[in-house]
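# What the coordinates show
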Amino acid sequence: MRNRNIIMPSPPTLKTDINNYCRNLVVAQKTTRFFLMSCFLLLITSCTTMSNKNAIYSADGIYPIKPPPLSWQISAKLGISSSQKNGSVTLNWQQTGETFVINLQGPLGQGNAVISGSQYNAEIQQPGQPTLRSNNVDELVFNTFGWTLPFDNFIHWVVATANPKQIITNISFDPALGTLSSFEQSGWAMEYSRYKLVDNWVLPGRIKAKRLRSNSTQQNLSYNSIDTQQTTLTLIIREWTIL
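A brief structural summary. (Residues numbered from 1 in each chain as written. Predicted model: local features only at pLDDT ≥ 70, side-chain atom pairs only at ≥ 80, totals over all residues. Heavy atoms only, no water.)

### Focus: the overall build of the protein chain
To keep it simple, the criterion reads: The way it works is that DSSP assigns letters per residue, a run of H or I at least four long becomes a helix, a run of E at least two long becomes a strand, and they are numbered from the N terminus. A contact between two residues is defined here by any heavy atoms of the two lying within 4.5 Å. Surface exposure here means Shrake-Rupley accessible area, sampled with a 1.4 Å probe, where a residue is shielded only by the protein chains that are shown.
When helices and strands are tallied, the protein chain shows three helices and 15 strands. Sequence-distant contacts in the protein chain: of pairs separated by 6 or more residues, those separated by 24 or more amount to 45%. For the protein chain, the accessible area works out to roughly 14900 Å², and carbon and sulfur atoms hold 54% of it.

Right under this line is the structure:
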């Protein structure tokens, strides 16, 4: 009798197929869930950004949607570059209405110093030194430290808006994000970046202020000749607090 090789069929793999199907289904569900959650978060972020605009910007001006914050505090580093001074100072600035208290640390603050008061009545305190007072804080800071900060304007500029009492020109903005990019005011060119959401405000993390070239021909370095200096201030804000 002829021998015949009988090939037996493989046993069914239904159980294995079902397990693979279930695993693939779970992976697909997780992927879909992650995709939907990402879309939802993106939508929420977009709506939050749009609903928390500080103002409407155009080439003609800045039109506030809501009044700028009057009381705030920042922890920051101020870089100063001019024909006479180069360096930085760490500062903690608390603004309450028109009054401020600014703690300085670093070489350009001559160690530790506290500037307090307002634009028209300010004082500087330094350890072991007599208190210095003036009715002009810009002049007081310049005569003490050798660099200038336009306080009357800067309290507005810090919160990414212009001084409403002064003319503003060359406004640029990011139409997608609804944030201010740059403008010029009172002889300074302002640039803004690194915005972050703080409470209900969109506030900058980096501010650059560059003194525009003046036509003045004065040569003596004094407060009255500040306009002749090519000063650049760079404020890197580490932390914002709305008070």
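So that's the structure; there's more coming.
### Observations regarding the layout of surface pockets
Rules: A cavity, in this analysis, means grid points on a 1 Å lattice covering only the protein atoms where a 1.4 Å probe fits yet has no way out; a pocket is instead an open set bounded by protein on both sides within 12 Å along at least five of seven lines, and a residue lines either one if it has an atom within 4 Å of a point. Grid points are joined across faces, edges and corners, and a volume is the space filled by probe spheres set on the points. For this scheme, ten residues count as nonpolar: Ala, Val, Leu, Ile, Met, Phe, Trp, Tyr, Cys and Pro. Four count as charged, namely Asp, Glu, Lys and Arg, and the remainder, Gly too, count as polar.
The volume enclosed by the largest pocket comes to roughly 670 Å³. Lining the largest pocket are 31 residues, with I155, H156, A162, N163 and P164 positioned closest to its centre. At four residues, the largest contribution of residues to the lining of the largest pocket is made by helix 3 (residues 151–157). Residues belonging to the lining of the largest pocket are distributed by class as follows: 18 nonpolar, nine polar and four charged.

### Things to note about the sheet that holds strand 5 (residues 99–106)
Strands belonging to one sheet form pairs held by backbone hydrogen bonds; the direction of such a pair is parallel or antiparallel. Stated precisely, the cut-off is as follows: A strand pair is defined by DSSP finding two or more bridges across the two strands. In this description, a line fitted to the C-alpha atoms serves as the axis of each element, helices being fitted only across the stretch in contact, and the angle between N-to-C directions of two axes falls anywhere from 0 to 180 degrees.
Judged by pairing direction, the sheet is antiparallel, and its eleven strands sit side by side in the order 8-7-6-5-4-3-15-14-11-10-9 without closing on themselves. The strands lining the two open edges of the sheet, one partner per strand, are strand 8 (132–134) and strand 9 (168–174). Adjacent strand axes in the sheet meet at a mean angle of 20° when their direction is disregarded. Note that strand 14 (residues 206–211) and strand 15 (residues 232–242) share five bridges and pair antiparallel. From the neighbouring strand, I207 faces strand 15, where its bridge partner is L235. Most of the contacts of helix 2 (residues 137–145) go to strand 7 (residues 121–125), to which it runs at about 20°, and overall it touches strand 5, strand 6 (111–118), strand 7 and strand 8.

### Quick word on the pairing of strand 4 (residues 86–96)
Here strand 3 (residues 71–81) pairs with strand 4 via eleven bridges, running antiparallel. The partner of I80 across the bridge, within strand 4, is G87. Linking two consecutive strands that pair antiparallel, namely strand 3 and strand 4, is a turn of four residues. Between strand 4 and strand 5, which pair antiparallel in sequence order, lie two residues; one of them, G97, sits at a positive phi of approximately 65°.

### Comments concerning the packing of aromatic side chains
Keep this limit in mind: Any Phe, Tyr or Trp ring, taking Trp's six-membered ring, that has another such ring centre within 6.5 Å forms a pair; planes under 30 degrees apart are called stacked, those over 60 apart edge-to-face, and the others tilted. For every residue, the accessible area (1.4 Å probe, protein chains only) is compared with the maximum for its type, and the residue is labelled buried under 20%, exposed over 50%, or partly exposed between those bounds.
The final tally for this structure, using the stated rule, is nine aromatic pairs. Their ring planes at 45° and their centres at 5.8 Å tell us that W93 and F151 sit as a pair that is tilted. Here the residue W93 occupies a position in strand 4, and F151 occupies one in helix 3, the gap between them amounting to 58 residues. The exposure classification of W93 matches that of F151, with both residues buried. Grouped by ring-pair contacts, the aromatic residues W72, W93, F100, F151, F154, W157, F183, Y192 and W240 constitute a single cluster.

### Re the environment of L180
Summarising the element assignment, L180 is placed in strand 10 (residues 179–185). The class for L180 is buried, based on a relative accessible area of 1%.

### A word on the nonpolar core
Note the threshold: Residues enter a nonpolar core if they are buried and are Ala, Val, Leu, Ile, Met, Phe, Trp, Tyr or Cys, with the set joined through side-chain atoms within 4.5 Å.
Formed by 49 residues in total, the largest nonpolar core has its most connected members in I74, W93, I115 and L235. With five residues, the top contributor of residues to this core is strand 3. Residues contacting L235, with those up to four places away along its chain left out, are I74, A76, K77, L78, L91, F154, V158, G205, R206 and I207.

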